[in-house]
Amino acid sequence: MSSAPLLESNVSLRPYNTFGMEVKARLFARFTSVEELRALLALPEVQQAEKLVLGGGSNLLFTQDFDGVVLKNEIYGLEIIGQDEATDSALVRAGAGESWHGLVQYTLDQNLNGIENLSLIPGTVGAAPLQNIGAYGAELKDTFDHLEAVEISTGELHTFTHEQCGFGYRESVFKGPLKNRFIVTGVVLRLHRSHQPNVGYGAIKTTLQDMGIESEPTARQVSDAVISIRRSKLPDPAQIGNAGSFFKNPELSQQKFDELKARYADLPGYPVPGGVKVPAAWLIEQCGWKGQRRGPYGVHDRQALVLVNHGGAQGQDIRDLAYEIIASVREKFGVELHPEVNIL
Ligand code: EPU
């Protein structure tokens, strides 16, 4: 058994969360392999402490110091582990600590298609399945094959198939019944060589046209279009602290949607099984929040779903703003918004 990595005390988490919150972890360690992770999990200090596994820290808001142990996942490695001539596909394995966008670039370099619509999503590979990341008409679950994860209580390595992950809209079993029980160490995707671009999302079509690409875009061109859309709408966490969409898009019953549509003819909606999904950004913007600034924090001026820290904001301030937004959307539309970001 390998020896446990160094366990540090009182470590600033500022570099490890994209909101840029200045909070401290009581204990902190990095692991670069399953063996190192197991060695850490076997330490009494770690066993007794509340545990938080950090990938890119791009989907959480710290409102206070973390009185437990932060385990930073730094398991790397990108490789093709299998080819299937019949389906013209390949299995790609990525260490959970790899950057998600780095994986997208790697697969494009290998002429493998399937995750180009998910370009430039911040965060790590290991965090992607937890909330079934999605953007521009694609979700992780569309190409996901299986994942490997260490059970915290036993240190055993388990494999989870697609079905066992229970994916939904920004959901998986790892946010539900298996919350805080497993640490993802590797993810395997099935990607294809023959390209079927997924360009149904309006903004992709118009951006490709602006780029002068009229038909049959390559996966790389779709990736470039997505990167250009994201850069134009979403703040770069390296410049302005944020965690992407702060809220999930709510799903309404058809009846509720029809009621609102009668009052607000412009209300956008997308049919989903059992109802209609509406953009939270639209509801928030209608309540007057878009671009509002309260000193060091506020609502992004180009995408109302994104809360931003311009520098020096406290996590509690941003949490309180989120609850004010939820209350105002509830009052105006009778719709309940739920945070997508993990508030700690
Ligand atoms: N809209 C507004 N005001 C705004 C922004 C958008 O009214 O300020 C309305 C418009 O009607 C627009 C619609 O909302 O057509 C949809 O906007 P957008 O395409 O920007 O997508 P979104 O629903 O706001 C979701 C994801 C994003 C993802 C985009 C693109 C969620 C919670 N968010 O946002 O994911 O990038 O679609 O596919 O599902 C993230 O999860 O962190 C994230 C950024």
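Please read these numbers as outputs of a predicted model, since none were measured by experiment.

With antiparallel pairing, five strands are arranged side by side in an open sheet as β6-β7-β12-β10-β11. Two strands close off the open sheet at either side, each with one partner strand: β6 (78-84) and β11 (157-161). The mean angle between the axes of side-by-side strands here comes to 20°, regardless of whether they run parallel or antiparallel. Relative to β11, strand β10 (residues 144-151) runs antiparallel, the two sharing five bridges. Note on β11: the bridge partner recorded for V150 is L157. Set on the sheet, helix α3 (residues 100-109) makes contact with β6, β7 (89-95) and β12 (182-192); between it and β6 the angle comes to about 45°.

Interhelical geometry of helix α5 (residues 202-210) versus helix α6 (residues 219-233) gives an angle of 105° and a closest axis separation of 9 Å. With respect to α6, the axis of α5 lies roughly perpendicular. Mapping the contact onto sequence places A203, I204, T207 and L208 in α5 and Q221, V222, A225, V226, S228 and I229 in α6. In the contact of α5 with α6, the residues fall into seven nonpolar, three polar and no charged.

A word on helix α9 (residues 315-333). Taking 1.5 Å as the rise per residue, α9 with 19 residues should run 27 Å; its terminal C-alpha atoms sit 27 Å apart, in good agreement. Within α9, burial applies to G315, I318, L321, A322, I325, I326, S328, V329 and F333. End-on, the buried residues of α9 take up no more than an arc of 170°, which puts them together on one face. If you follow the buried residues of α9, they end up packed against β4 (60-61), α7 (254-263), α8 (280-286), β17 (293-294), β18 (297-299) and β19 (306-309). Trailing α9 by a residue or two, G334 shows a phi angle of about 65°, which is positive.

With that settled, the discussion passes to the site of the ligand. Around the ligand lies a shell of 23 residues, among which Y136, Y169, Y201, E285 and K290 are the nearest. Measuring from an oxygen atom of the ligand, one finds a side-chain N or O atom of N249 at 2.9 Å. A distance of 2.9 Å separates an oxygen atom of the ligand from a polar atom in the side chain of E340. Calculation on the ligand without its partners gives an accessible area of 820 Å², and the protein chains cover 81% of this total. Contributing elements (two or more residues each) for the shell around the ligand: β8 (134-135), β13 (241-245) and α8. The leading source of residues in the shell around the ligand is α8, at three residues. Grouping the amino acids of the shell around the ligand by side-chain chemistry returns 12 nonpolar, five polar and six charged. Summarising the domain contributions, the shell around the ligand has at least three residues from each of domain 2 (78-233) and domain 3 (241-343).

Let us look at the environment of G166. Here G166 lies in the loop between α4 (162-165) and β12. Distance from G166 to L130, taken between C-alpha atoms, is 10.0 Å for residues 36 residues apart in sequence. Setting aside residues no more than four positions away along its own chain, G166 makes contact with E171, S172 and V173.

This part is about unusual backbone geometry. The phi torsion at L120 lies on the positive side, around 65°, for a residue other than glycine. By secondary structure assignment, the location of L120 is in the loop between α3 and β8. With a phi close to 45°, E216 is a non-glycine residue in the positive phi region. You can see E216 is positioned in the loop between α5 and α6. We classify E216 as exposed; its relative accessible area is 71%.

Okay, the packing of aromatic side chains next. Applying the stated criterion across every chain, the model contains 10 aromatic pairs. With 4.9 Å between their ring centres and 80° between their planes, F144 and F167 make a pair best called edge-to-face. Within this pair, whereas F144 is found in strand β10, its partner F167 is found in the loop between α4 and β12, the two being separated by 23 residues in sequence. For the pair F144 and F167, a shared accessibility class is recorded, and that class is buried. Considering the side-chain rings of Y264 and W282, the 6.3 Å spacing of their centres and the 75° angle between planes classify their relative orientation as edge-to-face. Here Y264, found in the loop between α7 and β15 (270-272), pairs with W282, found in helix α8; they are 18 residues apart in sequence, far enough to count as distant. Each residue in the set F19, F246 and F247 is aromatic and connected to the rest through ring pairs, giving one cluster. Just above the ring of Y169 sits the side chain of K277; from NZ or CZ to the centre is 3.2 Å.

What follows deals with the domain arrangement of the protein. By domain assignment, the protein separates into domain 1 (8-73), domain 2 (78-233) and domain 3 (241-343). One C-alpha centre belongs to domain 1, the other to domain 2; they are set 25 Å apart. Facing the 13 residues of domain 1 at the interface are 15 residues of domain 2. Together, the buried faces of domain 1 and domain 2 total about 1000 Å²; carbon and sulfur atoms form 68% of this surface.

Here is what the cut-offs are and how they apply
Residues numbered from 1 in each chain as written. Predicted model: local features only at pLDDT ≥ 70, side-chain atom pairs only at ≥ 80, totals over all residues. Heavy atoms only, no water. Pairing = 2+ DSSP bridges. Helix = DSSP H or I, 4+ residues; strand = E, 2+ residues; numbered from the N terminus. Axes fitted to C-alpha atoms, helices over the stretch in contact; angles between N-to-C directions. Contact = heavy atoms within 4.5 Å. Parallel < 35°, antiparallel > 145°, perpendicular 65-115°, else oblique. Nonpolar A, V, L, I, M, F, W, Y, C, P; charged D, E, K, R; others polar. Expected span 1.5 Å × (residues − 1). Buried < 20%, exposed > 50% of the residue type's maximum accessible area, 1.4 Å probe, protein only. Arc of directions from axis to C-beta. Near = heavy atom within 4 Å. Polar contact = N/O pair within 3.5 Å; in protein donor to acceptor, adjacent residues only side chain to side chain. Areas by Shrake-Rupley, 256 points an atom, 1.4 Å probe, with all protein chains shown as cover. Domains from an automatic or database assignment. Phe/Tyr/Trp six-rings, centres within 6.5 Å; stacked < 30°, edge-to-face > 60°. Lys NZ or Arg CZ within 6 Å of the ring centre and 35° of its normal. Buried area = accessible area lost by both parts, 1.4 Å probe.

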